[in-house]
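Examination of the molecular architecture
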Amino acid sequence: MAGFVVVTATPTLSQGTIYTTFGPDLTFGTDSLQFVTGTGRAELFTSPVTATVGSASLALQAADPGTTLTLTIRATSFIPGNGPGTIVGRFNSTTLPTAPGLVTFPASSAFQLDAGTMYWLAATAPTGQVSWFHSDQGIDRPTALLIGATWTVDQVSSGALALSVAAVPEPAPLALAALGLLACLLVQRPRVRAAA
């Protein structure tokens, strides 16, 4: 089992990236962590900016057609060494391809990440065997394994998993300027002079 691919031949991240471990041109490694039904995997990351999340992308591969996965961003636990805590945001489930590649999960609803805060990106409840590929950028990050209802943090940081978290696109500055000009024109109405 090697990886996961999205439906598009050349995947691109259309939104501003909040955090990523992908290489240039969205590359990722060939080694992976596998997990199956009843388990999950998570990676710890720190948001460098405060932003509203629009999507998350992972390098994945399913062993069988029709396999799906649940993806969430979770708070860090208050107890050092514990894994993912409460859910901060959810993503829409996606059917995973059987070839390695980039899979994008849109956020189910708007939620915000705060700058300088640590979060876990957690992939759980697969309906079959899934491989999550490592980054090819030489980054070490803590990962966690879910078995049953218990998260266990790996004792040694391993190679980062290939992931990206993207922001909801901001309105273009020119569009905002045009909207402001229109509002000014509507507010300024011609004044009728009173007859003397």
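Residues numbered from 1 in each chain as written. Predicted model: local features only at pLDDT ≥ 70, side-chain atom pairs only at ≥ 80, totals over all residues. Heavy atoms only, no water.

When helices and strands are tallied, the protein shows one helix and 16 strands. The burial tally for the protein puts 40% of its 196 residues in the buried class. Pairs at least 24 apart in sequence give 82% of the contacts found in the protein among residues at least 6 apart. Total accessible area on the protein is roughly 10,400 Å²; 60% of this is exposed by carbon and sulfur atoms. (Helix = DSSP H or I, 4+ residues; strand = E, 2+ residues; numbered from the N terminus. Buried < 20%, exposed > 50% of the residue type's maximum accessible area, 1.4 Å probe, protein only. Contact = heavy atoms within 4.5 Å. Areas by Shrake-Rupley, 256 points an atom, 1.4 Å probe, with all protein chains shown as cover.)

Turning next to the nonpolar core. Leu58, Leu60, Ile73, Phe91, Phe105, Leu113 and Leu121 are the most contacted members of the largest nonpolar core, which has 30 residues in total. Taken together, the elements giving at least two residues each to this core come down to strand S1 (17–20), strand S2 (32–35), strand S4 (51–62), strand S5 (68–76), strand S8 (101–106), strand S10 (118–124), strand S11 (130–133) and strand S16 (163–167). When residues of this core are assigned to their parent elements, the largest contribution, six residues, is made by S4. When sequence neighbours within four positions are dropped, the list of residues in contact with leucine 113 reads Ile18, Phe45, Ser47, Val49, Thr50, Ala51, Val53, Ile73, Tyr119 and Val165. (Core = buried A, V, L, I, M, F, W, Y, C linked by side-chain atoms within 4.5 Å.)

On to the environment of serine 135. For serine 135, the position within the fold is in the loop between S11 and strand S12 (140–141). When its relative accessible area of 11% is taken as the criterion, serine 135 is described as buried. The spatial distance from the C-alpha of serine 135 to the C-alpha of glycine 159 is 6.8 Å, given a sequence separation of 24 residues. Setting aside chain neighbours within four positions, we find serine 135 in contact with Thr21, Gly29, Ala160, Leu161 and Ala162. Within the local environment of serine 135, its side chain forms a polar contact with the backbone nitrogen of glutamine 137, the two atoms lying 3.0 Å apart. (Polar contact = N/O pair within 3.5 Å; in protein donor to acceptor, adjacent residues only side chain to side chain.)

As a further point, take the confidence of the model for the protein. Close inspection of predicted coordinates is inappropriate for parts of the model with low pLDDT. Here the protein averages 82 in pLDDT, and 74% of its residues register 70 or above. Throughout residues 1–15 the model reports pLDDT below 50, and contacts reaching past four residues in sequence, or to other chains, amount to 59 contacts. (pLDDT = per-residue confidence, 0-100.)

One pass over the structure, following the stated rule, counts five aromatic pairs. Seen in terms of ring centroids, phenylalanine 22 and phenylalanine 28 are 6.4 Å apart; in terms of plane orientation they differ by 70 degrees. Their pairing is edge-to-face. Three or more aromatic residues link up through ring pairs in this structure, and these residues are Tyr19, Phe45 and Tyr119. (Phe/Tyr/Trp six-rings, centres within 6.5 Å; stacked < 30°, edge-to-face > 60°.)

Before going further, it helps to spend a moment on unusual backbone geometry. In this structure, leucine 26 takes a positive phi of about 60 degrees despite not being glycine. In this fold, leucine 26 is placed in the loop between S1 and S2. With phi around 50 degrees, alanine 125 is a residue other than glycine that occupies positive phi space. Tracing the backbone shows alanine 125 in the loop between S10 and S11.

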